[in-house]
Amino acid sequence: MPQITKKSDEFDVSRYFLHLLDEDKDLSSGIAAIKTLLWILEKKQFGTIHILDTTMREAVAAMRQTDLSIAAIVSAGELFCRFITLSLDDKHMEECRQIMLNRGKIFLTKLLNSRQVIAQQAQRFISDGCRILTHSRSRVVLKALIAASKNKKSFHVYVTQGGTGNSGEEMVEDLQSAGIDCTLILDSATGYVMESVDFVMVGAEAVVESGGIINRIGSYTMGLCAREMKKPFYVLAESFKFSRLYPLNQRDLPNEYKYSRKHLNDVAKVHPLVDYTPPAYITLLFTDLGILTPSAVSDELIKLYM
């Protein structure tokens, strides 16, 4: 397992973070970020809360340098640090560290169960004979669909390719392995398929303050099409993806969220990896905090950061 050293904290943090993701392909970048921060809390000594806070921020900054979902890393890191440092006045540093360790483990345990909670919430919306459209590969959507199949429900899933890479193909392979009928379609076939499905079900890389989502490129197009054809558009997302961002349009998303790091200096020549779907196109969000309307997200964010 990679070790932290005084001379290369940033390098080792990134290496540990990437090692976790390489070791468990089903692990999301947000959960990996929280595990990395918890590991730092266990392994390092801190003289003051300020030093601890600075170290955690530097660790999040190091993980942001990797070519993974920036949105999930940032939101998960902020929520974790907020949760573990609440109400620590008048306590010695070592006592504070033990309290934070215990809180961090509780926080992680709760989040590790979040996909199961969300999958259970989605069950009553997945009925026998229904046809579902999903975008690319989402771990939490996959969990919900497999749970429905295990409950003896028979349905068909249309899966988009999801742009570059083979994420759509991976989703289809996972569904087929679970015995679920599915069809891989081109992203450009979304409009053609939309009229024959009952609803859309997608994941998210982040849920922003407005109740909109940041997700793999093509999600916005799918939302537009679903609204035009009056099809429900459901989002499945864990609460650690709730982010204090308030984009108004696609240009409002920071470039580091939209492009890989190697292309940040010349974004005009590459396509974005994610897009923003406004809340007007989203019917419901299934989260471990409950089933929410987009307008309820800002209230939940306030509770999370209180």
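Keep in mind that what you see is a predicted model, and the values were worked out from it rather than measured.

Parameters at a glance
Residues numbered from 1 in each chain as written. Predicted model: local features only at pLDDT ≥ 70, side-chain atom pairs only at ≥ 80, totals over all residues. Heavy atoms only, no water. Pairing = 2+ DSSP bridges. Helix = DSSP H or I, 4+ residues; strand = E, 2+ residues; numbered from the N terminus. Axes fitted to C-alpha atoms, helices over the stretch in contact; angles between N-to-C directions. Buried < 20%, exposed > 50% of the residue type's maximum accessible area, 1.4 Å probe, protein only. Core = buried A, V, L, I, M, F, W, Y, C linked by side-chain atoms within 4.5 Å. Domains from an automatic or database assignment. Phe/Tyr/Trp six-rings, centres within 6.5 Å; stacked < 30°, edge-to-face > 60°. Lys NZ or Arg CZ within 6 Å of the ring centre and 35° of its normal. 1 Å grid on protein atoms, 1.4 Å probe; cavity = no way out; pocket = protein on both sides within 12 Å on 5 of 7 lines; lining within 4 Å. Points joined across faces, edges and corners; volume = space filled by probe spheres on them. Nonpolar A, V, L, I, M, F, W, Y, C, P; charged D, E, K, R; others polar.

Colleague: Sorry, what's going on with the sheet that holds strand 7 (residues 233-236) here?
Modeller: Reading across the sheet, the seven strands line up as 3-2-1-4-7-9-10 and stay open at both edges, with mixed pairing between neighbours. The open sheet terminates on both sides in strands that have one partner only, identified here as strand 3 (181-185) and strand 10 (290-292). The sheet shows a mean angle of 25° between the axes of neighbouring strands, taken without regard to direction. Taken together, the two bridges between strand 1 (residues 131-134) and strand 4 (residues 199-202) define a ladder with parallel strand orientation.

Colleague: What should I look at first to understand the pairing of strand 8 (residues 274-277) in this one?
Modeller: Moving residue by residue along a regular strand, the side chains alternate between the two faces of the sheet. Here strand 8 shows two buried faces, one formed by V274 and Y276 and the other by D275 and T277. One ladder, built from four bridges, connects strand 6 (residues 213-216) with strand 8; its direction is antiparallel. What sits directly across from I213, in strand 8, is T277.

Colleague: Would you explain the nonpolar core in this entry?
Modeller: Generally speaking, nonpolar side chains in soluble globular proteins are found buried as a group. Formed by 61 residues in total, the largest nonpolar core has its most connected members in L37, L41, L133 and V235. In terms of residue count, the dominant contributor to this core is helix 2 (residues 29-43) (nine residues). Viewed by domain, this core spans two of them, domain 1 (13-114) and domain 2 (118-305), each represented by three or more residues. Ranked by size, the runner-up nonpolar core spans 27 residues in total, among them C130, L145, V157 and Y234.

Colleague: Is there a simple way to think about the sheet that holds strand 8 in this case?
Modeller: Each strand in a sheet pairs with its neighbour through backbone hydrogen bonds, running either in the same direction (parallel) or in the opposite one (antiparallel). On the basis of which strands lie adjacent, the open sheet formed by three strands has the order 5-6-8 and antiparallel pairing. The sheet is open, and its two edges are formed by strand 5 (206-207) and strand 8, each paired on a single side. As paired elements, strand 5 and strand 6 share two bridges and run antiparallel to each other. Across the sheet, the residue bridging to A206 is I214, located in strand 6.

Colleague: Quick question: what am I supposed to make of the packing of aromatic side chains here?
Modeller: Each pair of aromatic rings is reported with the distance of its centres and the angle of its planes. With the rule as written, the count across this model stands at eight aromatic pairs. Between F125 and F286 the ring centres are 4.9 Å apart and the planes differ by 85°, which places this aromatic pair in the edge-to-face class. Here F125, found in the loop between helix 6 (114-122) and strand 1, pairs with F286, found in strand 9 (residues 284-287); they are 161 residues apart in sequence, far enough to count as distant. According to the relative accessible area criterion, F286 is buried, its value standing at 0%. Site record: aromatic cluster; members linked through ring pairs are F125, F199, Y234 and F286. Sitting over the ring of Y281, R227 keeps its end group 5.1 Å from the ring centre.

Colleague: Looking at this structure, how should I read the layout of surface pockets?
Modeller: By rolling a water-sized probe across the atoms, one finds the places where empty space is left. Counted as a void, the largest pocket has a volume near 1200 Å³. L68, S69, R139, E205 and R216 are, among the 45 residues lining the largest pocket, the residues nearest its centre. Broken down by secondary-structure element, the contributors of at least two residues to the lining of the largest pocket are helix 1 (9-23), helix 4 (70-84), helix 7 (139-150), helix 8 (167-177), strand 6 and helix 11 (255-258). Across the lining of the largest pocket, the residue classes tally to 13 nonpolar, 17 polar and 15 charged. Three or more residues apiece are contributed to the lining of the largest pocket by two domains, here domain 1 (13-114) and domain 2 (118-305). Empty space within the second largest pocket amounts to approximately 320 Å³.

What is shown is where atoms sit, not what they do.
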